[in-house]
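Results of the structural survey
The chain contents come next:
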Amino acid sequence: MISRMDYFRSVTQSVLGSPQPGHQPTGAETVERLIDRVQSSTLLEDRRDGCRALKAMSRKYRVLVGAHGMDTLIQVLEADRSDHEIVYYSLETLVNVTATEEYPEEIDGDATPDGHSSAVGEQFTEIFTKRQENIELLVNLLDEFDFKVRYPTVKLLTNLLKNRPKDLQEVILVIPSGVSKLMDLLSDSREVIRNDTLLLLTQLTKSNTNLQKIVAFENGYDHIFEVIQGEGFADGGVVVEDCLILMLNLLRNNPSNQTFFKEGSYIQRLSSFFTLPLDSKDGWSAQKVTNIHYMLQLVQTLVAPQNPAQVVTSCQKVMNQCGLLQALTSLLMARGVPVDILTDIITTVSDMIRGNQPNQEFFANMLAPSTPPRPAIVVLLMSMVNDKQPFILRCAVLYCFQCFLYRNQTGQAQIIQTLLPQTADVVPGAKPSPNSVTAGQLLCSGLFSPDPVSNWFAAVALSHSLVDNSAQKENMLRVQLATSVGSPPVSLMQQCTSILQAGTKVLTCFGILMLLSTWLAHCPVAVQTFLAIPAAVPYLTTRVSGSEHDELETVCQGLCAFLLGLGVQFNDGSGNSFSRDSLKQLVTDRIGAENFSDRLSNISRIEAYTKAAKSPQLAAKQPSDLVFDHEFCRLFKSLEVSCVRAVTPQLMNGSSTEVSPAEVTKYKDIIRDQDAEITQLRESLTEIQKEVEELKSDKEQVSAKVQQLHDENTVLKAQQGIAVEAASAVAPGTSETKAEGSDNTIEQLTQQMVQLQQQLAEMTHSRDYYYYEMYKKDAEVTALKQQHEQHQQELEQQQKQQEQLPTEQATPVSGSQLSNHQDTKSGADFFDSLPNPEMENLRKQLEDLQLILYNKDSEIQQLKEASRETPAGTIEESNGVAEKQAETSDDHSHDDLIMTNSQLEKENLSLKQQVKDFEIHIKQLQTQLTTAAAAAAAAAAGTSTGSAGETKCRQLEEELDTIKREQEDLLVLVTDQSSKMSEYRRKLRSYGEEVTDDEDDDDEDGDYGISDDYDEDLDDLQ
């Protein structure tokens, strides 16, 4: 039986072919061959095998497969969509390439560092999502019901959303029916696809309000509730958790979806979540705790204080009517509930009753299942003041108590009534009992407890009983406390002052100072009572004037200064202790106006103040985080400026004049108008920001389209080049008759061009040889000139001795020389025919060479005439004298020869340089000819340019004829010079000069053929 490895090897060999013996292909080579097989194979089976092999290698060699094979895989999805198997292999390969996690094979094989895999997956995701058509292709693949197509498509879209969420959200938002197709997957009978679709929608709806609205209006809530109900609500598995997370994404910070959720009667379905068996013996599993936690978050999202007030009120009303509030309070009083779940339930119930009087009344009448029955609020307060309870639970109870008293004057009155002596045994919602514990007693026990956290909790809870309620502030002045047996009772305010003077812990000081500040605000009676306490004002002034710079001490100083300011601002002067002016003067003298103002302003600079002012819910994780209360921050913000104005009027515009009610009304109207304008401007700004975001999205789309068009243009250019090459390789029979004739003409022109190039090369070689012969003849002429000058000097010396001075006559230029010059001049006609600026320079240099040749011919002719005019007798007579003077002239001749030799060498060097320049220009001409030939060949590639190639060939033929004529003229010129050189040698022999054998051989060489050592001499010359 064949093993799996053998089967895989056989498949790989069938796809890649058998490897060469002794050669093990690398991973890169294998991937490249597989991609080439997928691209070039015509059989579907071969392409399918190639994709299967790429899928197997995509984990270990994900970088190679993604970099080289992504385009190929996308082409497979487009072209072979009907074959579900090859589509499955392609999609799975793309899933592995774009995955965010690391694979063990990849780590072992490529030594991938930490974080590299996620970066690679993100980079491939960016490449894939650059074209919107790729995402549309995946969305369209969701229409296929086959599991092999639909499931990997969902996984691939999930990977893309994890790596590039914003890019994919924008693309799916503009795809027609894109979200609808995703929502249809929630109805798929296969749970794997449905569950992964939940994860996909969770990633899709993160931080995108538009997609959240579309999913909600595509019956998203109905689909989610059906899944939750099918899984068993809170007893379900992780699928219920995914459903709740998706629903939280749809509702959080989205008032439109919250309104739709309420109006669609979906709140009534939430009651089923919390219908739990109260005496369950199975306990609470970890998954059940998680599910309940997300369910409670879902309810909190609907009634969070940050939501619009209208939405919160309507949701609170529906929750009370449908029994959801009752279900949660029953769960709150149940036994065996985990602490973290109990904390979430208390926080959720708090938001459900906050500011809603019917719900607050329902909560006040809620009794705990105890013996005797106690109100739920009393049971919660017992947990708050108990230092054995978890800290987060105590914070949740305080928040619940605050929400119960928020805008609930009835509840505030009930709490204060429990503090009064005559009703100390009265419990709200229960019958009087001698052994009952009231809420007021619990708060007082917490206020005077040795635990500073209990002190802070109790003080803040009592302060909420007094918020915006002047009547209860006055009633609270009647509270009397018995500190010890036999001692007279003291008031609650006096006991709080005594606790401050005792130097308690900082947390206790914070709570009592906030309680006193809330008590004194807007209550002149409470202010007079506080100022009547002998030790109250000295304690505050001493604390404010302290020089400690600790942060906590700074908070205490600010709270004491605020309490002093309230004593000045709300002092009506009815008491006998301190009037407003006397207290103001005391503060100015003992503390100073600037110091007082600084102490107040330091409170708003503390980070804890900013955190507490943001949300009414406590965000403390540990006791050290307890500093300020939310309601106190509101109070301080509203009275800070007025306190500074009341105590230090010189700092407030230098005047303490009271403002008339008319001016206050006027300023209120101005502020109201400004507030309306600010609201309009904010709305306009919101609209402008939306337009800017739309413009940005449009710009990004346009940029993407431009990039896409640029890529398509590049591809079209490449395809055009391939088409041209393919057209040139097509047989003549496949083209039209006109194209055949053009191809034949082009072939003839090409052959003619080749022949012309060969002839041009031959003529160039011959021309080089002729120039070389001219250079040798010039050298011979120079030598003859030197010998003639020596001979002339000897004749002059003989004539001087005989006192016979021959007269030298200048002979005109003979007609033969002129004809030779004309013949030489005609050699430049070829260069005149070339319309090139570089030919002008070459023509000038050729004319200079012709002028030099003409001058040399003139010198030769003068030497010739001078030799003819010398009489024979004189020569014979002078021979004797010359023999006598030979010895005398040897020394002078030697010096003259040296000078002449140096001049000839210089002239020789200059002529060599000129010849070298001439050779360079010849090469440039050859380059231009090659360029012309290439242009003709390029013209031959297209049928439309055939006539231009013929014209170019005719021009080249004419230039070749001109070169031939020029070479013939040069040959004639060289022949004439050679004949002249022979004549000069004969004359030199007649004068008695010796001629070397090489010169004689050159003279006897009448055919002027190319010598054997021509190439060596030419190389030396170059």
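Residues numbered from 1 in each chain as written. Predicted model: local features only at pLDDT ≥ 70, side-chain atom pairs only at ≥ 80, totals over all residues. Heavy atoms only, no water.

1. Some points on the overall build of the protein chain
Regarding its fold elements, the protein chain presents 45 helices and four strands. When the 1022 residues of the protein chain are sorted by exposure, 44% land in the buried category. For the protein chain, the proportion of contacts with a sequence separation of at least 24, taken over those separated by at least 6, is 73%. Of the accessible surface of the protein chain, which amounts to about 53300 Å², a share of 50% is contributed by carbon and sulfur atoms. (Helix = DSSP H or I, 4+ residues; strand = E, 2+ residues; numbered from the N terminus. Buried < 20%, exposed > 50% of the residue type's maximum accessible area, 1.4 Å probe, protein only. Contact = heavy atoms within 4.5 Å. Areas by Shrake-Rupley, 256 points an atom, 1.4 Å probe, with all protein chains shown as cover.)

2. Quick notes on helix α31 (residues 551-569)
Between its terminal C-alpha atoms α31 stretches 27 Å, which fits the 27 Å expected from 19 residues at 1.5 Å a residue. Burial analysis of α31 places 17 of its 19 residues in the buried class, which makes it a mostly covered element. A distance of 3.2 Å separates the backbone nitrogen of Leu-552 from a side-chain oxygen at the start of α31, and that oxygen is part of Asp-550. (Expected span 1.5 Å × (residues − 1). Polar contact = N/O pair within 3.5 Å; in protein donor to acceptor, adjacent residues only side chain to side chain.)

3. Digging into unusual backbone geometry
Although it is not a glycine, Asn-253 sits at a positive phi angle of roughly 55 degrees. Relative to the elements of secondary structure, Asn-253 occurs in the loop between α14 (238-251) and α15 (255-263). Although it is not a glycine, Ser-265 sits at a positive phi angle of roughly 60 degrees. As for its placement among the helices and strands, Ser-265 is situated in the loop between α15 and α16 (286-303). Residue Ser-265 is classed as partly exposed on the basis of its relative accessible area of 40%.

4. Re the packing of helix α24 (residues 439-447) against helix α25 (residues 452-464)
Here α24 crosses α25 at 135 degrees, and the two axes come no closer than 7 Å. For the element pair α24 / α25, the angle class is oblique. In this structure, α24 crosses over α25, and the sense of that crossing is left-handed. Residue-level inspection shows Leu-443, Gly-446 and Leu-447 of α24 in contact with α25, the latter providing Ser-454, Asn-455, Ala-458, Ala-459, Ala-461 and Leu-462. (Axes fitted to C-alpha atoms, helices over the stretch in contact; angles between N-to-C directions. Parallel < 35°, antiparallel > 145°, perpendicular 65-115°, else oblique. Left-handed = near helix turned anticlockwise from the far one by under 90°.)

5. Quick look at the packing of aromatic side chains
Under the counting rule described, the total for this entry stands at 22 aromatic pairs. Summarising the aromatic geometry, the rings of Tyr-609 and Phe-628 are spaced 5.9 Å apart at their centres and angled 90 degrees between planes, so their arrangement reads as edge-to-face. With Tyr-609 in helix α34 (residues 607-614) and Phe-628 in the loop between α34 and α35 (630-647), this pair connects stretches of sequence that are 19 residues apart. By way of ring pairs, the aromatic residues Phe-217, Tyr-221, Phe-225, Phe-233, Phe-260, Phe-261, Tyr-266, Phe-273 and Phe-274 are connected into one cluster. When the ring centre of Tyr-406 is taken as reference, the NZ or CZ atom of Arg-354 above it lies at 3.9 Å. (Phe/Tyr/Trp six-rings, centres within 6.5 Å; stacked < 30°, edge-to-face > 60°. Lys NZ or Arg CZ within 6 Å of the ring centre and 35° of its normal.)

6. Some points on the state of the cysteines
Overall, the coordinates contain zero disulfides when judged by the stated rule. Looking at the unpaired Cys-400, the closest cysteine sulfur is the one in Cys-403, lying at 6.8 Å. (Disulfide = S-S within 2.5 Å.)

7. Regarding the side chain of Ser-449
With respect to the helices, strands and loops of the structure, Ser-449 is situated in the loop between α24 and α25. In this view, Ser-449 contacts Ser-454 and Asn-455; residues no more than four positions away in its chain are not counted.

8. What about the packing of helix α19 (residues 339-353) against helix α20 (residues 357-364)?
Interhelical geometry of α19 versus α20 gives an angle of 135 degrees and a closest axis separation of 8 Å. In terms of axis orientation, α19 runs oblique to α20. For the pair α19 and α20, the contacting residues are Val-349, Met-352 and Ile-353 in the first and Asn-359, Gln-360 and Phe-363 in the second. Residue classes in the contact of α19 with α20 are distributed as four nonpolar, two polar and no charged. (Nonpolar A, V, L, I, M, F, W, Y, C, P; charged D, E, K, R; others polar.)

9. Some remarks on the nonpolar core
Of all hydrophobic cores here, the largest spans 209 residues; its most connected members are Phe-261, Phe-274, Trp-456, Phe-457, Trp-519 and Phe-628. Top element by residues in this core is helix α22 (residues 391-405). It accounts for 12 residues. Residue contacts for Phe-457: discarding those within four places in its chain leaves Met-384, Phe-391, Arg-394, Cys-395, Leu-398, Leu-618 and Leu-626. (Core = buried A, V, L, I, M, F, W, Y, C linked by side-chain atoms within 4.5 Å.)

10. Overview of the side chain of Asp-629
On the secondary structure map, Asp-629 appears in the loop between α34 and α35. Notably, Asp-629 is buried but unbridged: the nearest opposite-charge side chain belongs to Arg-634, and the N-O separation is 8.4 Å. Other than its neighbours up to four places away in sequence, Asp-629 contacts Gln-402, Trp-456, Val-460, His-464, Met-514 and Ala-612. (Lys, Arg positive; Asp, Glu negative; His and termini not counted. Salt bridge = Lys/Arg side-chain N within 4 Å of Asp/Glu carboxyl O.)

11. Examining the pattern of salt bridges
Tallied over the full model, the rule gives 21 salt bridges. Between Asp-80 and Arg-47 there is a salt bridge, and its shortest N-O distance comes to 3.2 Å. On the criterion of sequence distance, the pair formed by Asp-80 in the loop between α4 (62-79) and α5 (84-97) and Arg-47 in helix α3 (residues 44-57) is long-range, its members being 33 residues apart. Per residue, the accessibility class of Asp-80 equals that of Arg-47, and both read buried. Here the residues in one salt-bridge network are Arg-48, Asp-49, Arg-52, Asp-83 and Glu-85, joined through shared partners.

12. Some words on the environment of Phe-401
Within the secondary structure, Phe-401 is located in helix α22. Residues Phe-401 and Arg-354, spaced 47 residues apart in sequence, show a C-alpha to C-alpha distance of 9.6 Å. Residue contacts for Phe-401: discarding those within four places in its chain leaves Ile-377, Leu-381, Ile-415, Leu-443, Ala-461 and Ser-465.

13. Quick notes on a nonpolar patch on the surface
A surface patch of nonpolar side chains, about 200 Å² in accessible area, is lined by Leu-173, Val-174 and Ile-214. Along the chain, the position of Leu-173 falls in helix α10 (residues 165-174). On the accessibility criterion, Leu-173 (34% relative accessible area) is partly exposed. (Patch = residues over 30% accessible without salt bridge, like charges linked within 9 Å, V, L, I, M, F, W, Y side chains within 5 Å.)

14. Some points on the confidence of the model for the protein chain
In low-pLDDT segments, the atomic positions of the prediction should not be examined closely. Across the protein chain, the average pLDDT comes to 78, with 69% of residues at or above 70. Taken element by element, the protein chain is modelled with least confidence in helix α38 (residues 815-825), mean pLDDT 40, and with most confidence in α25, mean pLDDT 96. In this model residues 1-9 is a low-confidence stretch, pLDDT under 50, and it forms two contacts with partners more than four residues away in sequence or in other chains. Confidence drops under a pLDDT of 50 for residues 870-894, and excluding neighbours within four residues, the segment shows 14 contacts in the predicted structure. (pLDDT = per-residue confidence, 0-100.)

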